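Coordinate analysis (summary)
Spelled out from the first residue to the last, the chains are:
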Amino acid sequence: DTEVTQTPKHLVMGMTNKKSLKCEQHMGHRAMYWYKQKAKKPPELMFVYSYEKLSINESVPSRFSPECPNSSLLNLHLHALQPEDSALYLCASSQARAGEQFFGPGTRLTVL
Amino acid sequence: GEDVEQSLFLSVREGDSSVINCTYTDSSSTYLYWYKQEPGAGLQLLTYIFSNMDMKQDQRLTVLLNKKDKHLSLRIADTQTGDSAIYFCAESMDAGKSTFGDGTTLTVKP
């Protein structure tokens, strides 16, 4: 299995909702990442987990809460989001913190 | 801080070669990457090069690195309509943090 999967593919939520994005990989990678990508812009790094521990938080608002339950799974919990949070959320993984990252297809999030 | 720059648009005819250029500022970059993103999809890693290499070839793709000028290029031979996409250059020094360019939109005309 050489891919990163993300669910759901699309998500529409209101500003008072609580939802979660899920990412999974079975490549034995020990680093996992969350990125936010606006249309026609490059991905912006949000969080990095290394060996299931949060190692980088790029000053992301607390309405985004990451979780790494085990080495294969990465979640992003969403609460009280704003319309400007609407974007494509990409998950990626890599062998370790160094090296090439493999991206999932993303979750297209719309906040109403 | 780190900065990665790319030209925003490139248009070529099918069958021609495409060359996408990228410049970066961080001389400590260890890895340099090229990603492809098709509409509505995630990023696909096309190829990468270590900073101690000058060139890497992989089928239709050739990556050239001029470390002195901090210039990276991606050449796609025999460009096809399926190559139409946004191509991102990225550099990484610190493990886990990659800096991306703004992306080059490649349009291939039949």
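Quick look at the structure, then.

About the cut-offs
- Residues numbered from 1 in each chain as written.
- Chains lettered and ligands numbered in written order.
- Predicted model: local features only at pLDDT ≥ 70, side-chain atom pairs only at ≥ 80, totals over all residues.
- Heavy atoms only, no water.
- Salt bridge = Lys/Arg side-chain N within 4 Å of Asp/Glu carboxyl O.
- Helix = DSSP H or I, 4+ residues; strand = E, 2+ residues; numbered from the N terminus.
- Buried < 20%, exposed > 50% of the residue type's maximum accessible area, 1.4 Å probe, protein only.
- 1 Å grid on protein atoms, 1.4 Å probe; cavity = no way out; pocket = protein on both sides within 12 Å on 5 of 7 lines; lining within 4 Å.
- Points joined across faces, edges and corners; volume = space filled by probe spheres on them.
- Nonpolar A, V, L, I, M, F, W, Y, C, P; charged D, E, K, R; others polar.
- Pairing = 2+ DSSP bridges.
- Axes fitted to C-alpha atoms, helices over the stretch in contact; angles between N-to-C directions.

Some points on the pattern of salt bridges
Residue and element names in this part refer to chain B. Under the definition given, this model contains five salt bridges over all chains. With a shortest N-O distance of 2.9 Å, D83 and R60 are connected by a salt bridge. Linking D83 in the loop between β8 (71-76) and β9 (85-92) with R60 in the loop between β6 (55-58) and β7 (61-66), this pair joins segments that are 23 residues apart in sequence. For D83, a relative accessible area of 7% gives the class buried. Note that D69 and K68 form a salt bridge whose closest N and O atoms lie 3.6 Å from each other. A relative accessible area of 46% means that D69 is categorised as partly exposed.

Thoughts on the layout of surface pockets
One number sums up the size of the largest pocket: a volume of about 270 Å³. Looking at the largest pocket, it is lined by 15 residues, and the ones nearest its centre are K40 of chain A together with Q37, P39, G40 and I86 of chain B. Split by residue class, the lining of the largest pocket holds six nonpolar, four polar and five charged. One number sums up the size of the second largest pocket: a volume of about 200 Å³. Forming the boundary of the second largest pocket are 14 residues, of which F103 of chain A together with G42, L43, Q44 and L45 of chain B lie nearest the centre. Put simply, the parts of the chain that give the lining of the second largest pocket at least two residues each are β10 (102-103) of chain A together with β5 (43-50) of chain B. In terms of residue count, the dominant contributor to the lining of the second largest pocket is β5 of chain B (three residues). Residue classes in the lining of the second largest pocket are distributed as seven nonpolar, four polar and three charged.

Things to note about the sheet that holds β7 of chain B
Residues and elements named next belong to chain B. Ordered by their spatial adjacency, five strands build an open sheet running β1-β3-β8-β7-β6, and the pairing between neighbours is antiparallel. If you trace the sheet from one side to the other, it starts and ends with β1 (4-6) and β6, each paired once. Recorded for the sheet is a direction-independent mean angle of 15° between the axes of neighbouring strands. Note that β7 and β8 share six bridges and pair antiparallel. Pairing of V63 across the sheet is with L74, part of β8.

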